[in-house]
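Close look at the chain arrangement
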Amino acid sequence: MFQSVLTIGAILVVAVVAVSLILLKATSKESYTGYFPGILIGLTGLVFLMLASVIGKVEIMGAGLGGWGIASLFAAAIGLIITALTDTYANVKA
């Protein structure tokens, strides 16, 4: 189960970063639209963790709902860090 959670988290990180970078390039510099995929994945992770405590054992692709929640929160954290760093260096006025 641990390996499947890491795999799911890594795939979600790549997806969040790719969508965020595309949104950063497609929108204006004053827009925060590039951060929305990371926020959405983070909220989804919180929902998965809440559902895992309410519902019994549910497995999806080898990981329970708690594992999906942890993987989603991991992906959101790493994705938002990469997005923030990219946005910061793209908007430097030097």
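Reading the values: the criteria
Residues numbered from 1 in each chain as written. Predicted model: local features only at pLDDT ≥ 70, side-chain atom pairs only at ≥ 80, totals over all residues. Heavy atoms only, no water. Helix = DSSP H or I, 4+ residues; strand = E, 2+ residues; numbered from the N terminus. Contact = heavy atoms within 4.5 Å. Phe/Tyr/Trp six-rings, centres within 6.5 Å; stacked < 30°, edge-to-face > 60°. Expected span 1.5 Å × (residues − 1). Buried < 20%, exposed > 50% of the residue type's maximum accessible area, 1.4 Å probe, protein only.

**Concerning the side chain of Ser4**
The residue Ser4 is located in helix α1 (residues 2–26) in this model. When residues no more than four places from it in sequence are discounted, the contact partners of Ser4 are Met61, Gly62 and Ala63.

**So, the packing of aromatic side chains**
Across all of its chains, the model carries 2 aromatic pairs by this definition. Ring plane angle 45° and centroid distance 6.4 Å describe the contact between Tyr32 and Tyr35, whose orientation is recorded as tilted.

**A few points about α1**
Between its first and last C-alpha atoms α1 spans 36 Å; for 25 residues at 1.5 Å apiece the expected length is 36 Å, and the two agree. Listing the buried residues of α1 in full gives Ser4, Val5, Ile8, Gly9, Leu12, Val13, Val16, Val17, Ser20 and Leu24. The inward-facing, buried residues of α1 abut α2 (36–54), β2 (63–64) and α3 (65–90).

**Some details on the environment of Gly64**
Residue position: Gly64 is located in strand β2. Looking at Gly64, the relative accessible area reads 6%, which means it is buried. Along the sequence, Gly64 and Val5 sit 59 residues apart, while their C-alpha atoms lie 8.9 Å from each other. The contact partners of Gly64, leaving out residues within four places of it in the chain, are Met1, Val58 and Glu59.

Structural measurements only, silent on function.
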